[in-house]
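Take a look at the letters that make up each chain.
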Amino acid sequence: MKSKIQKGNFAYWPAVVTVMTVMTVLILFTGQWPWEANSYHSYVLQADAWLHGRLDLGQNYKWLELAIYGGKYYVSFPPFPSYVMLPFVWLFGTGVPDHWIAIFSTLIGVVYTWKLCRQLSCSEDQATFYTLFLYLGTGLMFVSINGYVWFIAQNFCFTLSVMSLYYALKERGGVSLTLWACAVGCRPMVAVYVPLLLWILCRQWRVRHPQGRWHEMMLKRWYWCIGAVLIALSYMTLNLLRFGSVIEFGHNYLPEFTRTTTGQFNLSYLVPNVRNLFRLPQSGQTGEALRFPTSDGVAFWLVTPLFLTVMAAWMSEVVRKKKESWFLLIVLPLLALFHVFIIVCHKTLGGWHFGNRYLLDTLPYLFYGMLVWRPKGNWFDRLNVILCAGGAAINLIGMVAVYNSWI
């Protein structure tokens, strides 16, 4: 009998080992040692407060982004990462090894990205390549090697989003929608992609029920929503108890936003932020290196060439004019553009980072679209080798430079 490895059950190991190797090298060059204490562990502090019977933190931590409401200090971010931290805080107290948890989350995401590629008809080699393109050729590594509060939420959201897409393709709707609800509890704006998940579930359901319609699926599979509804109710209950509103996570009560008349989201931020999505690094004096901004983003296509891959695949599919894919061709770009519209209406495009950190949240869903639309010819894969190499070079070098304060 062939072993499980020979059967391909663990054929994702080259992608996992490659990402682990790159992460190790990045840690060596940046000093982001995973065994060191994390000063930016807001989710751990929040879980610890819950275990001690209080919703606020009980004191101010001036180096963290805390919401101030009713004279009390609260974690201002959506709470799902604190759900994850609860059992670890119960075991370790506030000395939770959250850097290791972040790394483990990344590797789970690598496995599910590879499986997603295989589910969408990629060969094993193609699945490995596109997984590495997604993780090494974009800014994902910057938010993947430590448990800083800003980054671990994106890390969790990314992994949960990929898992949600995979289980939607497997027609496991309850798991998919529950994972999506968990992702929303990390980065609320990914809520916009629920129509995509429902479309995938409906499409997979109709493979076995050719004459069925989407509303029939929803009536017969209503229980798929139970997990997502319960998780959403937990968010709303926490928000209501803390801030008196079911939709308020606390960011509006950050001093950064309470001190301005335009608040957290405003149309006045749109034009400057759109410019930042396209701005190029600045040239220094003769003989100096280019200067990359370390906040509010830089040219998205330069630091995340996977967006160019998505556009090329989309245009290729439009040319082929496959009628059965019209929904995905139209709706997925609209959902992503709506997501980006919300992002550019935010006061900032992200504080200290390299690249365009906020846009990373769109990638699991656009990556899915790319896999569906990609041409079958070798030319497409060969083109992406070049884009992957460029993306990996600029992001990995830029990441080391930023973490070491070289730029």
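For clarity, every value in this text was computed on a predicted model and none was experimentally measured.

Colleague: I would appreciate a short explanation of the layout of surface pockets in the present structure.
Modeller: Summary: where empty space remains is shown by rolling a probe the size of a single water molecule over the atoms. Of the volumes computed, that of the largest pocket is approximately 730 Å³. Along the wall of the largest pocket there are 32 residues; nearest its centre are Phe77, His251, Gln264, His346 and Tyr358. For the lining of the largest pocket, the secondary-structure elements that each account for two or more residues are α7 (149-169) and α12 (255-258). A total of 4 residues in the lining of the largest pocket trace back to one element, the largest contributor, which is α7. Split into classes, the residues belonging to the lining of the largest pocket amount to 18 nonpolar, 9 polar and 5 charged. Size it by volume and the second largest pocket reaches roughly 540 Å³. What lines the second largest pocket is a set of 20 residues, and nearest its centre among them are Phe300, Met311, Ala336, Leu337 and Val340. With 6 residues, the single largest contributor to the lining of the second largest pocket is helix α16 (residues 326-344).

Colleague: Can you walk me through the confidence of the model for the protein in this structure?
Modeller: Interpretation of the predicted coordinates at a detailed level should be avoided for regions scoring low in pLDDT. Looking at the protein as a whole, the pLDDT averages 92, with 95% of positions reaching at least 70. A low-confidence stretch, residues 1-7 stays under pLDDT 50, and its non-local contacts, those more than four residues away or across chains, total 5 contacts.

Colleague: I keep staring at the nonpolar core and nothing clicks. Help me out?
Modeller: It is characteristic of soluble globular proteins that their nonpolar side chains tend to be buried jointly. Core analysis: the biggest nonpolar cluster contains 130 residues, and Met85, Leu116, Met141, Leu196, Phe367, Tyr368 and Met370 have the highest contact counts within it. The greatest single-element share of this core, amounting to 15 residues, is contributed by α7. Excluding residues within four positions of it along the chain, Met141 makes contact with Val19, Met23, Leu26, Thr106, Tyr135, Leu136, Leu396 and Met399.

Colleague: Sorry if this is basic, but what is going on with the pattern of salt bridges here?
Modeller: A side chain of one charge can pair with a side chain of the opposite charge when the charged atoms of the two come close. Scanning the entire structure with this criterion turns up 3 salt bridges. When the shortest N-O distance is used, the salt bridge between Asp56 and Arg54 registers 2.9 Å. On the basis of relative accessible area, Arg54 is assigned to the partly exposed category, the value being 39%. One salt bridge connects Glu317 with Arg320, and the closest N-O pair in it is separated by 2.3 Å. In this pair, Glu317 and Arg320 both sit in helix α15 (residues 306-320), 3 residues apart, roughly one turn of the helix. Glu317 gets classed as buried once you look at its relative accessible area, which sits at 2%.

Colleague: Help me out: how do you make sense of the packing of helix α2 (residues 13-30) against helix α18 (residues 378-403) in this one?
Modeller: Relative placement of two packed helices is described by the angle separating their axes and the distance separating the axes. Running from N to C, α2 and α18 point in directions that differ by 30°, and their axes come no closer than 9 Å. Compared by their axis directions, α2 and α18 come out roughly parallel. Between α2 and α18 lies a crossing whose hand is right-handed. Residues Val22, Leu26, Phe29 and Thr30 of α2 pack against Leu396, Met399, Val400 and Tyr403 of α18.

Colleague: In this structure, what is going on with the side chain of Glu248? I would like to understand it.
Modeller: Relative to the helices and strands, Glu248 resides in the loop between α11 (226-243) and α12. Within the buried set, Glu248 has no salt-bridge partner at all; the shortest N-O distance to an opposite charge, 8.0 Å, is to Arg242. Reaching out from Glu248, the side chain makes a polar contact with the backbone nitrogen of Gly250 at a distance of 2.6 Å. Within the structure, the side chain of Glu248 is placed 3.4 Å from the backbone nitrogen of His251, a separation counted as a polar contact. Apart from the residues lying within four places of it in its own chain, the contact partners of Glu248 are Asn239, Phe243 and Tyr253.

Cut-off values and rules
In this convention, every chain numbers its residues from 1, walking through the sequence in written order. For this predicted model, a pLDDT threshold of at least 70 governs which residues receive local features, and a threshold of 80 or more governs which side-chain atom pairs are given and counted, while totals over whole chains, interfaces and linings are taken from all residues. Hydrogens and waters are ignored; side-chain quantities use all the structure's heavy atoms. Here a cavity is any set of points on a 1 Å grid over the protein atoms alone where a 1.4 Å probe fits but cannot get out, and a pocket is any open set with protein on both sides within 12 Å along at least 5 of 7 lines; a residue lines the site when it has an atom within 4 Å of a point. Grid points are joined across faces, edges and corners, and a volume is the space filled by probe spheres set on the points. Under the scheme used here, helices are H or I runs from DSSP no shorter than 4 residues and strands are E runs no shorter than 2 residues, and both carry numbers assigned from the N terminus. Residues are grouped as follows: nonpolar covers Ala, Val, Leu, Ile, Met, Phe, Trp, Tyr, Cys and Pro; charged covers Asp, Glu, Lys and Arg; every other residue, Gly included, is treated as polar. The quantity known as pLDDT measures the predictor's confidence residue by residue, on a range of 0 to 100. Contacts between residues were defined by any pair of non-hydrogen atoms, one from each residue, lying within 4.5 Å. The criterion is simple. A nonpolar core is a set of buried Ala, Val, Leu, Ile, Met, Phe, Trp, Tyr and Cys residues joined through side-chain atoms within 4.5 Å. The classification of residues rests on relative accessible area computed with a 1.4 Å probe and restricted to protein chains. Under 20% of the type maximum is buried, over 50% is exposed, and intermediate values are partly exposed. Take a side-chain nitrogen of Lys or Arg and a carboxyl oxygen of Asp or Glu: if they are within 4 Å of each other, that pair is a salt bridge. All axes here are fitted lines through C-alpha atoms, helices being fitted over the stretch that makes contact, and every angle between N-to-C directions spans 0 to 180 degrees. Angle categories are assigned with fixed cut-offs, so that under 35 degrees is roughly parallel, over 145 is roughly antiparallel, 65 to 115 is roughly perpendicular, and the rest are oblique. A clockwise turn of the near helix away from the far one marks a right-handed crossing, whereas an anticlockwise turn of less than a right angle marks a left-handed crossing. In summary, the charge assignment counts Lys and Arg as positive and Asp and Glu as negative, without counting His or the chain termini. We define a polar contact as two N or O atoms separated by no more than 3.5 Å, with the added condition that, inside protein, one atom must be a possible hydrogen donor and the other a possible acceptor, whereas residues neighbouring each other in sequence contribute only through side-chain atom pairs.

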